[in-house]
Amino acid sequence: MPTNKHKVLVANRGEIAMRIIQACVSLGLDFVCVHTKADEASGHLALARSLGGPEAAYRISSYHDANELLAVADHAGATAIHPGYGFFAEDFRFARRVSERSRPLVFIGPSWRIIRSLGDKINTKRLARSLSIPTVPGSDRPVYDEMEAEEIAETLFAFQAEQGIVNSVVLVKASAGGGGMGIEEIYDIDQFKTVYRRVRNYAKRQFHDEGVLIEQRIFDFNHLEVQIVGDRTGKGIVHFGTRNCTIQSTGRQKRLEVAPGFRPGEINYAFDAARVLDDIVGYSLAMAREVGYDNVGTWEWIVSPTGQPFLMEVNTRIQVENGVSAAISRIRGNGDVNLIAEQIRLGLGEPLGYDQSDVTFDGVGVEYRIIAEDPANRFTPWVGRIDQFLAPSLPWAKLYTHIPMDAPYEIPTDYDPNLALAIVWGKDLAEAKKRGVAYLDELTLSGEDGSGTELRSNVRFLRDKTATILQF
């Protein structure tokens, strides 16, 4: 089926749903979207109806209900499904079901086998090591033998001593755990046996698997990412640069992203930052080629204060911060790169059509995640009504938001209180920072909760953090 004959089900909400809809329109594709009762006032629903009419949107009870999504797809005659990020974006079982059902749909994302393979952190670490790609020091498989586990811990303490780390920390983790469950820190090898046995017993009790992982705890690192894009052949693979996502909330949730990941021409680093960027790009491409990566994906890295990169994980989906990479990217000299449109085009089977030599980079991009939260109170979400939200219209900035700007908006309690993404571009770091501050200063954001308390947001936090972006 030719690409322009497809109809895409947008299986997400908010700003990412809006960007998928707009990308479909730019590609000449039909679309259909979904919404819940809580999202009746969301901009993605209004946009779908304005561009596609009343039949372009269907109400469902939950974005997590696969049966509902597929029922809408069948009723609307969709031929492909875009999961956005979150929800089903990295669920290989959903991707497999979508593509292998009696009425198959194209899953716009990597093939389910790649999602399954790279979604397993232990498998990813093992694959990386087979390619001599550095990973966080520690075990790459569950350890069941206490003596072996202790030897790994001793090696990690010795490694940290060599790095000049004064207060060494080793993580003991239940291999079958998740969401922070079954993880303890040890600060001395004498603690190891007691903690190992406790975590092993916890793992056996909670997960019916007493396997344990032993890893180094790395402090004061920078969090970098490499944006990879590939076509369905698994051979047409390029990168769209690096980005730095180090500025996060206390809960390790990203709040501000910068592309590129370092700026050695404008900031002095204690290591060869240009080489680190080249290395993580090279490693990421090597791994993508090894698995035949066939859509968009992000290789996530941590870089130590001495400039050592360690692969942390692979995200097999489009990421929130794709737009900041697009902001500095050029294809054959042309800007306005849209990585979501590229994802859809390639996901539907079109060839890449360019190679790495056609992709160049210009300037610095900064992405601000504007959220209703209180940074002074551990980033506690704020719930209430937004009465006014106005943003400046400037040639060097873009705003992505599902918040209506012509009417009050009640923030749904069902979802995270993300309000908008603002992306600012500058010819260099100094200009990007200056423009970023000016943009945030011109934002108007006001409202109150049920008790009359003024809206809380992270705008001030973002403004203050702008001064130190890309510093290590």
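Everything numeric here is computed off the predicted structure, so don't read it as measured data.

The strand order across the open sheet formed by three strands is β21-β19-β23, and the pairing between neighbours is antiparallel. Single-partner strands in this sheet number two, and they are β21 (409-410) and β23 (444-448). In this structure, strand β19 (residues 385-390) lies alongside β21, joined through two bridges in antiparallel fashion. When the bridges of β21 are listed, Arg 385 appears paired with Glu 410.

Turning our attention to the packing of aromatic side chains. By the definition in use, this model includes 16 aromatic pairs. Judged by centre distance (5.6 Å) and plane angle (65 degrees), the ring pair of Phe 262 and Phe 271 falls under edge-to-face. The exposure class assigned to Phe 262 is buried, which follows from its relative accessible area of 1%. Through a chain of ring-to-ring contacts, three or more aromatic side chains come together here, namely Phe 262, Tyr 269, Phe 271 and Phe 472. When the ring centre of Tyr 400 is taken as origin, the NZ or CZ atom of Arg 19, which lies over that ring, is 3.8 Å away. Above the ring of Phe 92, the side-chain terminus of Arg 116 is found at 5.9 Å from the ring centroid.

Turning our eyes to something else, we now look at the state of the cysteines. With the rule as written, the count across this model stands at zero disulfides. No disulfide involves Cys 33; its sulfur sits 11 Å from that of Cys 24, the nearest cysteine. Relative accessible area serves as the criterion here: at 0%, Cys 33 is assigned to the buried category.

Let us look at helix α6 (residues 121-130). Buried within α6 are the following residues: Ile 122, Thr 124, Lys 125, Leu 127 and Ala 128. On the buried face of α6, the contacting elements are α5 (112-119), β8 (212-216), α9 (273-291) and β13 (309-315). Here α6 starts with a cap whose side-chain oxygen sits 3.0 Å from the backbone nitrogen of Ile 122, and that cap is Asp 120. Positive phi appears at Ser 132, one or two residues downstream of α6, with a value of about 60 degrees.

With 59 residues, the main nonpolar core has Phe 262, Met 287 and Trp 299 as its most contacted residues. Residue contributions to this core peak at eight residues, all from α9. Not counting chain neighbours up to four residues away, the residues in contact with Trp 299 comprise Leu 118, Leu 224, Glu 225, Val 226, Ile 228, Ser 284, Met 287, Ala 288, Tyr 293, Leu 311, Glu 313 and Val 314. Counting residues in hydrophobic clusters, the runner-up holds 41 residues, among them Val 10, Ile 331, Leu 352 and Leu 421.

Two strands pair when backbone bridges link them, and strand β1 (residues 7-10) and strand β2 (residues 30-35) are joined in this way by four bridges, in the parallel orientation. Residue pairing for β2: Val 10 is matched across the bridge by Cys 33. Considered for its hand, the β-α-β crossover made up of β1, helix α1 (residues 14-26) and β2 is right-handed.

Criteria and thresholds
Residues numbered from 1 in each chain as written. Predicted model: local features only at pLDDT ≥ 70, side-chain atom pairs only at ≥ 80, totals over all residues. Heavy atoms only, no water. Pairing = 2+ DSSP bridges. Helix = DSSP H or I, 4+ residues; strand = E, 2+ residues; numbered from the N terminus. Phe/Tyr/Trp six-rings, centres within 6.5 Å; stacked < 30°, edge-to-face > 60°. Buried < 20%, exposed > 50% of the residue type's maximum accessible area, 1.4 Å probe, protein only. Lys NZ or Arg CZ within 6 Å of the ring centre and 35° of its normal. Disulfide = S-S within 2.5 Å. Contact = heavy atoms within 4.5 Å. Polar contact = N/O pair within 3.5 Å; in protein donor to acceptor, adjacent residues only side chain to side chain. Core = buried A, V, L, I, M, F, W, Y, C linked by side-chain atoms within 4.5 Å. Right-handed = clockwise from strand over helix to strand, strands pointing away.

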